[in-house]
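So you can see what is in the structure, the chains are spelled out below.
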Amino acid sequence: MRVIAGKARSLKLKTPEGLETRPTTDRIKETLFNMLQPYLPDSIFIDLFSGSGGIGIEALSRGAKHAYFVENNKNALACIQENLRFTRLAEDATVLKQDVLSALYGIHEKEADVIFLDPPYELGYEEQTLTLLAGLSYVTPDTLIVVEALKKTDFSYAEELGFAITKEKCYKSNKHVFLQKR
């Protein structure tokens, strides 16, 4: 896994050992960031269920002003911190060592520009996290939320939470769902 573009371009990133995380492949990451690029310059980027930190680091490399990394797995946290040091992007990052649902209350920004979440599949974290995000003041109609999930994951509840699905990009077994507050 590597940083695809920007100031840390081509630098290789470490990934946690074991099966507890699923790093987004370079190919899918490149497709995702081609869609996110208009939102990145000088943005506040929040990477939830961060794993190795590859998504947030890519955002910083491509011009995000600040990125939050939220992860509670100690091996993944060590990877995030090492990757931030290696890419020289640590100064623009905040790493929150706690579960996502608690950590969201510890982010004190006027507005988040992009929130990316890639929770463990099939455990219901997508709906729990979106329910919480719906009530946070830094999630505005201009905030783009991107959820990585299994292709079969149902997001029909999103409208009830006040979100509109603006785009869905499907891959072989998973997808990225783009949402914004209505």
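Residues numbered from 1 in each chain as written. Predicted model: local features only at pLDDT ≥ 70, side-chain atom pairs only at ≥ 80, totals over all residues. Heavy atoms only, no water.

**Student:** Go over unusual backbone geometry with me, naming the residues and quoting the values.
**Tutor:** Positive phi is not limited to glycine here, since F49 has a value of about 55 degrees. Here F49 shows up in the loop between β1 (44-48) and α2 (54-61). Here E122, not a glycine, exhibits a phi torsion of approximately 60 degrees, which is positive. Within the fold, E122 resides in the loop between β4 (114-117) and α5 (125-133). A relative accessible area of 58% means that E122 is categorised as exposed. (Helix = DSSP H or I, 4+ residues; strand = E, 2+ residues; numbered from the N terminus. Buried < 20%, exposed > 50% of the residue type's maximum accessible area, 1.4 Å probe, protein only.)

**Student:** Kindly report on a negative patch on the surface, identifying the contributing residues and their values.
**Tutor:** Negative charge collects at one region of the surface, where E127, D154, E159 and E160 lie side by side. Relative to the elements of secondary structure, E127 occurs in helix α5. (Patch = residues over 30% accessible without salt bridge, like charges linked within 9 Å, V, L, I, M, F, W, Y side chains within 5 Å. Areas by Shrake-Rupley, 256 points an atom, 1.4 Å probe, with all protein chains shown as cover. Salt bridge = Lys/Arg side-chain N within 4 Å of Asp/Glu carboxyl O. Lys, Arg positive; Asp, Glu negative; His and termini not counted. Charge placed at Lys NZ, Arg CZ, Asp CG, Glu CD.)

**Student:** Can you break down the pairing of strand β5 (residues 144-150) residue by residue, with the values?
**Tutor:** Counting buried residues in β5 gives seven out of seven residues, a clear majority hidden from the surface. The pairing of β4 with β5 spans four bridges and is parallel. Looking at the pairing, V114 lines up with L144 of β5. With α5 bridging β4 and its parallel neighbour β5, the resulting β-α-β unit is right-handed. (Pairing = 2+ DSSP bridges. Right-handed = clockwise from strand over helix to strand, strands pointing away.)

**Student:** Give a detailed account of the sheet that holds strand β2 (residues 66-70), specifying residues and quantitative values.
**Tutor:** Pairing within the open sheet is mixed, and its seven strands lie in the order β3-β2-β1-β4-β5-β7-β6. Of all strands in the sheet, those bounded by a partner on one side alone are β3 (93-96) and β6 (163-170). Each strand axis lies, on average, 15 degrees off the axis of its neighbour in the sheet, ignoring direction. Across four bridges, β2 lies against β3 in parallel orientation. When the bridges of β3 are listed, A67 appears paired with A93. The sheet contacts of α2 involve β1, β2, β3 and β4, and relative to β2 the element is tilted by about 175 degrees. Of the strands in this sheet, β2 and β3 are in contact with helix α3 (residues 74-87), which crosses β3 at around 170 degrees. (Axes fitted to C-alpha atoms, helices over the stretch in contact; angles between N-to-C directions. Contact = heavy atoms within 4.5 Å.)

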